[in-house]
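Listed here are the chains, written in short residue letters.
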2 protein chains.
Amino acid sequence: MYFKVSKSVFYNALSTVSRAISSFSPLPAFSGIKIEAKLDHLVLTGSDSDISIQTTIHSDNEETLQINDTGSIVIEAKYILEIVRKIDSDELELEILDGTQTKISGKTAEFKINGMNSMDYPMIDFIRPANNFTINSDILKEIISQTSFATSTSETRPALTGVNFFCEGHTMRCVGTDSYRLAKKVVEIEKELTFNITIPSRNLNEVSKTLEADEEITVAISDKKAQFILKNTVIQTRLIDGVFPDISRLIPLAFDYELEIDTAEILGAIDRASFIKSDGVSVIKLSLDEKACILSSRSQEVGSSTENLSNAVFKGEHLDISFNGRYVFEALKAIRQGKIRFSFCGEMKPFVIQPIEDDSILQLVLPVRTYA
Amino acid sequence: MYFKVSKSVFYNALSTVSRAISSFSPLPAFSGIKIEAKLDHLVLTGSDSDISIQTTIHSDNEETLQINDTGSIVIEAKYILEIVRKIDSDELELEILDGTQTKISGKTAEFKINGMNSMDYPMIDFIRPANNFTINSDILKEIISQTSFATSTSETRPALTGVNFFCEGHTMRCVGTDSYRLAKKVVEIEKELTFNITIPSRNLNEVSKTLEADEEITVAISDKKAQFILKNTVIQTRLIDGVFPDISRLIPLAFDYELEIDTAEILGAIDRASFIKSDGVSVIKLSLDEKACILSSRSQEVGSSTENLSNAVFKGEHLDISFNGRYVFEALKAIRQGKIRFSFCGEMKPFVIQPIEDDSILQLVLPVRTYA
């Protein structure tokens, strides 16, 4: 194997595939990046078996890539990234000397790195599942940012560690929940499809980081895996086994109380009140009636805060409701829109947060009981 | 106690004194900031007994500070900083309600925080020592950045955890060493003084962060403490007991080999080679003669690097010398100047790094033995 490649092109490709590499991988080969030089393109692969990323560099012109000899090698990700990032030239050469020793050279800097045999790298099946649809990367990023934060980090119920994508007809419903709060986003897709899959949140976040703005992404799914296909890159993730809970009965449909407010106003108030914690949790209380909306927090140890939400508009009888400040804060951050509506059914019933002018997104939060 | 104060003025003052507060302090009161309202000024104090910072806010005009009632309180640093940083107005009020409960109010946000009695805060003696001199803050910052990095982080020899300031006549010699490398900076001061003190590095770095550019600082010293006196702020640090080693015999005076090179060129080369480590240390080797200067590194596990320092100029017989890459990297970063000179006496002798046009700074590094 012997090729010349542009430093910036090679570095970006290495960075992309290294996102799949976890420092906790049990298999030594998975700490490396597999580099394959084909006749007219390079293929780079990174994986931790849970998520795998493969990217291709084409030799469109000599300045990007010039392959003199085909072959393949696996090189420790952290070393190759470090070398390429700091090398003293805009173009570098990579050559297998003998066995697995690999020479990487810039202008005067030259490295001889002990690689690993690519035969020892596990075979990863990148065959594209037949079931697929296209989606704009901005919409996909939005789905991920508006749902994945609400998933569980505990492995006790594995299905809750991922975002569920449920599609019937043209409508795809995306849901993340940790059983204390739930985030739902509904989008229309161009094809008529039926599927019900759950993708690990961690992998979705890596997908999100890899996406450029406003590109067309193909999503291909089987019952074992999902693929996100970008221009030169394929990101492949396993699915989570197990049944995702039926959420249709969780979301109340009729409400007795409504609070309308600017996102920025209530975000600021929760942010100010949240340092007051009891047992590590900041419990925020809303005392709502049509005359005044008061947000407060209190702990025996620290003290208390109160704040009048002067621009809030409330409809309904008097209501006191308390919740985990972080859950509502994260829900509001995910919505990121001007005016929002809180809809309540009662002191101990789950409540709904939605933008006033967009019902494609819905955030549900369970209140907490307080004794004050 | 009851006063009104500008949010930004108060926040900056709280940030300054909070630099002295350590989360590991054994005394609960030291996790707080002491706030004293005098007739026409506020005094804020933070301390961990090792370093103490006191700053004053004067009521020059009503928008800065308006004191209605004198008094004093101690409030947990992290709470008061959080409240003031996020409060919903440009001006805030602070009032002791009863005992130690303290009300802090902005526009509609209001906090009632459990403070601590200021009688429980240790007395800190801020009396200014008689021995003192003035120095420009830029020069003081430079002294600290060029010497403190070379001090030891191990407590086995306490004197090496600080920078030694030794003054005779108008000449102050500032030295940090961890016994493997040494950094020396010499400056002239306006007064004739004699002292020999060692100040903990950690405290000097806090002093450096507090200094503004180009202000006149008074440094006052006794045999127990040093004070750095800024316009509205006094930073006081304990001194390290114990004799600082006599460095005069450590620095060689005559050399057999000389290497002249651009700082950027050798910094880049060391930076590129340093990821190759053996037992966590990157050993860099220079192979020098008048024809070529080669920088290399090698480890059994990772591989090797070599680089020709093409703009280096070497005078002397052939010399191979190896050193801890981090030590030389940090020494070069501290020098931060265009052309530098390495002066060597032999393979296993300490070598000297100095800017070619500035002998006020000197960096000394001990080589390491290699078996290659």
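Refer to the structure printed above.
Please read these numbers as outputs of a predicted model, since none were measured by experiment.

A. Spatial organisation of the interface of chain A and chain B. On the side of chain B, 25 residues touch chain A, which itself brings 25 residues to the contact. Around 2,400 Å² of area is buried between chain A and chain B when both sides are counted, 52% of it from carbon and sulfur atoms. Three residues stand out in chain A for area buried against chain B, namely A:Lys86, A:Arg272 and A:Phe275, and they jointly supply 25% of the buried area on that side. One can count 2 salt bridges joining chain A with chain B. Counting across the chain A and chain B interface gives 16 residue pairs in polar contact (both at pLDDT 80 or more). Contributing elements (two or more residues each) for the side of chain A that touches chain B: α2 (77-86), β9 (110-114), α5 (263-273) and β21 (303-308) of chain A. Partitioned by chemical class, the residues of the side of chain A that touches chain B number 8 nonpolar, 8 polar and 9 charged. When β9(A) meets strand β21 (residues 303-308) of chain B, the two strands line up antiparallel, connected through 4 bridges. Paired with A:Lys112 across the strands is B:Ser304, a residue of β21(B).

B. Representation of the sheet that holds strand β23 (residues 319-324) of chain A. Across the sheet, 9 strands lie side by side as β23(A)-β19(A)-β20(A)-β21(A)-β9(B)-β8(B)-β7(B)-β1(B)-β5(B); this open sheet has antiparallel pairing. Two strands in the sheet have a free side with no partner beyond their single neighbour: β23 of chain A together with β5 (65-69) of chain B. Each strand axis lies, on average, 15 degrees off the axis of its neighbour in the sheet, ignoring direction. Pairing of strand β19 (residues 283-288) of chain A with β23(A), which is carried by 6 bridges, proceeds in the antiparallel orientation. Of the residues in β23(A), the one forming a bridge with A:Ile284 is A:Phe323.

C. Representation of the state of the cysteines within the structure. Tallied over the entire structure, the rule returns 0 disulfides over all chains. A:Cys345 provides the cysteine sulfur closest to A:Cys293, a residue in no disulfide bond, and the two sulfurs are 17 Å apart.

D. Main features of the packing of helix α3 (residues 137-147) of chain B against helix α4 (residues 201-210) of chain B. Residues and elements named next belong to chain B. Put simply, α3 and α4 touch, their axes get as near as 10 Å, and they point 145 degrees apart. Read as a crossing pair, α3 and α4 show a hand that is left-handed. The segment α3 lies against α4, with Leu140, Lys141 and Ile144 engaging Leu204, Asn205, Val207 and Ser208. Its residues placed into classes, the contact of α3 with α4 shows 4 nonpolar, 2 polar and 1 charged.

E. Molecular detail of α2(A). Along α2(A), 8 of the 10 residues are buried, which leaves the element largely enclosed by surrounding structure. The set of residues buried in α2(A) consists of A:Ala77, A:Tyr79, A:Ile80, A:Leu81, A:Glu82, A:Ile83, A:Val84 and A:Lys86.

F. Molecular detail of the relation of the copies chain A and chain B. After a rotation of 180 degrees and a shift along the axis of 0.0 Å, chain A superposes on chain B with an RMSD of 0.0 Å. Overall, the copies show the geometry of a two-fold rotation axis. Residue A:Ser23, judged by its C-alpha, is the member of chain A lying nearest the rotation axis, at 15 Å.

G. Just the pattern of salt bridges, in detail. All told, the structure shown has 34 salt bridges over all chains when counted by the stated rule. Salt-bridge contacts for A:Glu36 lead to A:Lys38; the nearest nitrogen and oxygen are separated by 3.6 Å. On the basis of relative accessible area, A:Glu36 is assigned to the buried category, the value being 15%. We classify A:Lys38 as partly exposed; its relative accessible area is 35%. Put simply, A:Arg181 and A:Asp178 hold a salt bridge, and the shortest N to O gap is 3.0 Å. Residues joined in a network through salt bridges with shared partners are A:Glu82, A:Arg85, A:Lys86 and B:Asp271.

Conventions used here
- Residues numbered from 1 in each chain as written.
- Chains lettered and ligands numbered in written order.
- Predicted model: local features only at pLDDT ≥ 70, side-chain atom pairs only at ≥ 80, totals over all residues.
- Heavy atoms only, no water.
- Contact = heavy atoms within 4.5 Å.
- Buried area = accessible area lost by both parts, 1.4 Å probe.
- Salt bridge = Lys/Arg side-chain N within 4 Å of Asp/Glu carboxyl O.
- Polar contact = N/O pair within 3.5 Å; in protein donor to acceptor, adjacent residues only side chain to side chain.
- Helix = DSSP H or I, 4+ residues; strand = E, 2+ residues; numbered from the N terminus.
- Nonpolar A, V, L, I, M, F, W, Y, C, P; charged D, E, K, R; others polar.
- Pairing = 2+ DSSP bridges.
- Axes fitted to C-alpha atoms, helices over the stretch in contact; angles between N-to-C directions.
- Disulfide = S-S within 2.5 Å.
- Left-handed = near helix turned anticlockwise from the far one by under 90°.
- Buried < 20%, exposed > 50% of the residue type's maximum accessible area, 1.4 Å probe, protein only.
- Least-squares fit on C-alpha atoms with pLDDT ≥ 70 in both.

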